[in-house]
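# Examination of the molecular architecture
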Amino acid sequence: MQRWTISVDDDLAEDFDKFVAGKGYSNRSEAFRDLARKELGQTDVDDGKAKWCVATVTYIYDHHERMLATRLTQLQHDHHDVAAASQHVHLDHDNCIETVILKGRIEEVRACADAIISQTGVRHGNVHIVPVEMKKKKYLLAGHAHFHPKT
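Just so we're clear, the structure is a prediction, and the values are computed from it rather than from any experiment.

A word on the nonpolar core. Core analysis: the biggest nonpolar cluster contains 23 residues, and Tyr-59, Tyr-61, Leu-72, Leu-102 and Ile-116 have the highest contact counts within it. If one sorts the elements of this core by residue count, helix α4 (residues 106-117) sits on top with six residues. Ignoring any residue separated from it by four or fewer positions in sequence, one finds Tyr-61 in contact with Leu-68, Ala-69, Leu-72, His-88, Asp-94, Asn-95, Cys-96, Glu-98, Gly-121, Val-122 and Arg-123.

Looking now at the environment of Gln-42. In this fold, Gln-42 is placed in helix α2 (residues 28-46). The exposure class of Gln-42 is partly exposed, given its relative accessible area of 35%. In sequence terms Gln-42 and Ile-129 are 87 residues apart; their C-alpha atoms lie 8.3 Å from each other.

Our focus in this paragraph is the pattern of salt bridges. Counted by the stated rule, this structure contains six salt bridges. Of the charged contacts, one joins Arg-33 and Glu-30 as a salt bridge, the two residues approaching to 2.8 Å between their closest N and O atoms. Placement of both Arg-33 and Glu-30 in helix α2 is noted, with a separation of three residues, approximately one turn of the helix. Under the relative-accessibility criterion, Arg-33 is labelled partly exposed at 28%. For Asp-34, the salt bridge is made with Arg-37, and the minimal N-O distance between the two is 2.5 Å.

In this section: the confidence of the model for the protein chain. Counting all residues, the mean pLDDT for the protein chain is 86, and 88% of those residues have values of 70 or more. Contacts for the low-pLDDT stretch residues 137-143, under 50 throughout, to residues beyond four places or in other chains number 10 contacts.

The sheet contact formed by strand β1 (residues 52-62) and strand β3 (residues 95-105) spans 11 bridges and is antiparallel. Bridged to Val-57 within β3 is Val-100. The pairing of β1 with strand β4 (residues 122-132) spans 10 bridges and is antiparallel. Across the sheet, the residue bridging to Val-57 is Val-127, located in β4.

Although it is not a glycine, Met-67 adopts a positive phi angle of roughly 65°. In this fold, Met-67 is placed in the loop between β1 and α3 (68-78).

A separate point is the packing of helix α1 (residues 10-23) against α2. Interhelical geometry of α1 versus α2 gives an angle of 90° and a closest axis separation of 10 Å. The orientation of α1 with respect to α2, classified from their angle, is roughly perpendicular. Note on element contacts: α2 touches α1 through Arg-28, Ala-31, Phe-32 and Leu-35, opposite Phe-16, Asp-17, Phe-19 and Val-20. Looking at the contact of α1 with α2 residue by residue, the class counts come to six nonpolar, no polar and two charged.

Within the secondary structure, Ala-13 is located in helix α1. Accessibility expressed as a relative area gives 22% for Ala-13, which makes it partly exposed. Expressed as a C-alpha distance, the spacing of Ala-13 and Arg-28, which sit 15 residues apart in the sequence, is 10.0 Å.

Rules used in this analysis
Residues numbered from 1 in each chain as written. Predicted model: local features only at pLDDT ≥ 70, side-chain atom pairs only at ≥ 80, totals over all residues. Heavy atoms only, no water. Core = buried A, V, L, I, M, F, W, Y, C linked by side-chain atoms within 4.5 Å. Buried < 20%, exposed > 50% of the residue type's maximum accessible area, 1.4 Å probe, protein only. Helix = DSSP H or I, 4+ residues; strand = E, 2+ residues; numbered from the N terminus. Contact = heavy atoms within 4.5 Å. Salt bridge = Lys/Arg side-chain N within 4 Å of Asp/Glu carboxyl O. pLDDT = per-residue confidence, 0-100. Pairing = 2+ DSSP bridges. Axes fitted to C-alpha atoms, helices over the stretch in contact; angles between N-to-C directions. Parallel < 35°, antiparallel > 145°, perpendicular 65-115°, else oblique. Nonpolar A, V, L, I, M, F, W, Y, C, P; charged D, E, K, R; others polar.

This is the structure:
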């Protein structure tokens, strides 16, 4: 591990210390490492360097919208290779929220997420992509090949 010394102005230092305390970090270094990993990972996604990811797609929709629940379920089935799990919650009489966990190649995950969020009747949607490195060796489990992320 390398030790760095950096200089920041007093206001930034104060704001960063508030951030560290508010997020529950034990020290500045761990907070800085998390921020750096997040930004570097996002840069890899944006630049096309990252190939594999895990993601969450969270969306709110009107369950009275004609055939929408069926279309959303069908999309998950159509993308069964990337759709790993989902959770459905009733918010009120009309609105539901779902979160779908996706995994796989970034372009396939994005295609699935975009297909879900663009459905008529989906009111709000958010995709959070986290790049992961994947081992090249395939493993067999339950009769199909899949990849395991590095630990």
